[in-house]
Amino acid sequence: MDKASADCPYPGCFFCVMKEGNPSKRRASILKFFRELPSQDDDGQVLPISGLWNTAMAHPNDPEFIELGIFECMSALIWKGLKNRRWLSHDQNIYIPYYAAHIIGSYTMNMEEFAERAVRAGIIPPLVELLRGRLTWVEQRVAVRALGHLATYASTFPAVASHGEILELSIQLAMSSLEIVYSHFYQYVDRRLSYHCDLLTRGMGGVEMESRKAEEWASQLQCWSLQLINCFAFKPEFVPTICKLEFLAKLPGMWGGLVNENSPAGIGLLRTICHHKLGRGPVAACPGIIEALCNIAHSSDDWQYMAIDCLLWLLQDPSTSHKVIEKAVPALVDLAEISSLGDHKKLGDSIANVLQECIESQGTGRTQINSHVKEIEELLNSKQRLKWEKNMPKEDLHIKQAAALVVKLEGNSLFSSGNISGAAAKYSEALALCPMRSKKERVVLYSNRAQCLLLLQQPLAAIGDATRALSLHNPVNRHAKSLWRRAQAYDMLSLAKESLLDAILFINECSQSNDPDLSLRQNKVPDYAERLVKKQMRAAWLFREAAIKHGGVQCEGDAGDMCGQETDDSEWETASESEIGNDERDEIGDDICGWENEVERKDKYKKASIKEIKHGYNVQLNEDDV
């Protein structure tokens, strides 16, 4: 190794080597450094390793260090940390296995040839030891990340799969990761390992930042475990191992803490499983999983199309259709007017075709479809109406649209007089009259009827109408007022994550809207929306289940749950628990005139129950929405 510069305290310093101007000498010195580093016990080894980590993160596709033996070096360092606890506890060597596994993962995430070199360098066995938890959850996180990258390539997957325990370990880690991080780090501030705190915050934050980063890392630990399992799920021979009841039942709830936007999460793995006939049977037989799929299919989330795919495949399979029809058909009917979703073109037509097949095949034993025949026939008739309208004279279409408008205004009037059921009926009548191609008007009508259904304490039906409005809207899932109504309906059903997603999207739409009723005043989030988001964030807290198990949450109902510390309940009061003020009524207007103040409601609208009034699901609607 070339000598260090005069001002460097470390002989053979890696950073000094990197400054060498002669390329040949530089490469030779780096090669020597990688070969000798694992056998050295000098202080200061973590500095070059952290430097290599920064380089790997910034330039993961650069082949130089790969060719000079970085994988062999990192593998040897992990083994050294596992076998020599005296060395591991000396100086700052405790950081080295973490950085080494992270470097392996960074260099293998994009380049298949790098992954092949890594496998030949023998990195899988030490990574498996980290995955087992031989050190801590922090090292498990980077080990499962690196193994997940290796498993994505056709050439290196067999090497990963040859270690049969990897799949089982990943399944257990996906199920237990949140509890592990909560009980080993989050719960006890005074027991946190200092190097964990330093890794999470890079020395830049206190307890609050450590806790926030712990949630993010716990989410990543779970999501990367699911990604690794997903690589196995593409191979039919591994599907039976994955399709254990305990694991399947938890998959719909593995949303990644809402912080990993690109993760397929549990629903992505379910989609892969449902793609196999071998996997559809266990999924259909798992209690609660179809209902969860329906909820996700109704969500305005990137994973919506994955849930729709699952439901369609389950319905098309004769061996599973009878198990899912009861819940899947109503959910899909609500979504049948989606034109396209992401890469799915004419998704609504695909849904209608599958539902039509269900009706046509009911004579072959699918008697469960009978209770939903009317819904499907109405959907198919609406598709037929659209075809007929293409050949209708424009004058006739204008007449139908004008007639629908008159009936809608009658519904508005009934709503204003407190006749909520009558208003809902009028909106239904207007929908029957309104031309199918008048999508903007139909969005308003569905959204208004959803508002009435909220007041009538029919949250499931309200979700259906709000979803139909969102499906018709252009762009899909971006109609702010329908998002807000569905968020409230989900709240009524205690579906916190679904409500949270819609409430966040509602706020986002308000921030971009030109509608004076929706635009945020001085960029301020509406109080009612902020309250709902706070409540649902609390209910959907990543560590909630683990905290309950370990005594960190006192279960006293939705309004009184405590997450680790005493909190003033009023801070978490939502719009559905408080009187809606004038500011809110001004901001979330729609097609119907709204309620007055609460006192007037009690006297004037006796058909509305005290519970309805108190819960405030009656948002104001104006004359014109779109």
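Residues numbered from 1 in each chain as written. Predicted model: local features only at pLDDT ≥ 70, side-chain atom pairs only at ≥ 80, totals over all residues. Heavy atoms only, no water.

Named according to an unreviewed UniProt entry, the chain is ARM repeat N-terminal plant domain-containing protein originating from Anisodus acutangulus.

Engineer: Help me understand unusual backbone geometry in this model?
Structural biologist: When glycine is set aside, most residues are seen to have a negative phi, and most peptide bonds are trans. In the segment running from Asn474 into Pro475, the intervening peptide bond is cis, with an omega of 5°. The topology assignment puts Pro475 in the loop between helix H27 (459–472) and helix H28 (480–492). Of note in the backbone geometry, Asp91 takes a positive phi value of approximately 50° without being a glycine. Look at Gln457: it is not a glycine, yet its phi comes out positive at around 60°. Tracing the backbone through its elements, the reader meets Gln457 in the loop between helix H26 (439–455) and H27. Accessibility expressed as a relative area gives 28% for Gln457, which makes it partly exposed. (Helix = DSSP H or I, 4+ residues; strand = E, 2+ residues; numbered from the N terminus. Buried < 20%, exposed > 50% of the residue type's maximum accessible area, 1.4 Å probe, protein only.)

Engineer: Can you walk me through the packing of aromatic side chains in this structure?
Structural biologist: Ring pairs (aromatic) are described by centroid distance and by the angle formed between their planes. Evaluation of the coordinates by the stated rule reveals 23 aromatic pairs. Seen in terms of ring centroids, Phe157 and Phe232 are 5.1 Å apart; in terms of plane orientation they differ by 65°. Their pairing is edge-to-face. Taken together, the residues span a long stretch of sequence, with Phe157 in helix H11 (residues 157–161) and Phe232 in helix H14 (residues 207–233) at a distance of 75 residues. The rings of Trp53, Tyr95, Tyr98, Tyr99, Trp137, Phe185, Tyr195 and Trp217 are connected pair by pair, giving a single aromatic cluster. Just above the ring of Trp224 sits the side chain of Arg145; from NZ or CZ to the centre is 5.9 Å. One Lys or Arg, Arg191, reaches over the ring of Tyr188 and ends 4.1 Å from the middle of that ring. (Phe/Tyr/Trp six-rings, centres within 6.5 Å; stacked < 30°, edge-to-face > 60°. Lys NZ or Arg CZ within 6 Å of the ring centre and 35° of its normal.)

Engineer: How do you make sense of the packing of helix H5 (residues 70–83) against helix H7 (residues 96–108) when you look at a structure like this?
Structural biologist: Each pair of packed helices can be described by the angle between their axes along with the distance between the axes. Interaxial distance between H5 and H7 falls to 9 Å at its minimum, and their mutual angle equals 150°. As summarised for this structure, H5 and H7 are arranged roughly antiparallel, according to the angle between their axes. In this structure, H5 meets H7 at a crossing whose hand is left-handed. On H7, the residues touching Ile70, Phe71, Met74, Leu77, Ile78 and Gly81 of H5 are Ile96, Pro97, Ala100, Ala101, Ile103, Ile104, Tyr107 and Thr108. Taken together, the residues that form the contact of H5 with H7 break down as 12 nonpolar, two polar and no charged. (Axes fitted to C-alpha atoms, helices over the stretch in contact; angles between N-to-C directions. Parallel < 35°, antiparallel > 145°, perpendicular 65-115°, else oblique. Left-handed = near helix turned anticlockwise from the far one by under 90°. Contact = heavy atoms within 4.5 Å. Nonpolar A, V, L, I, M, F, W, Y, C, P; charged D, E, K, R; others polar.)

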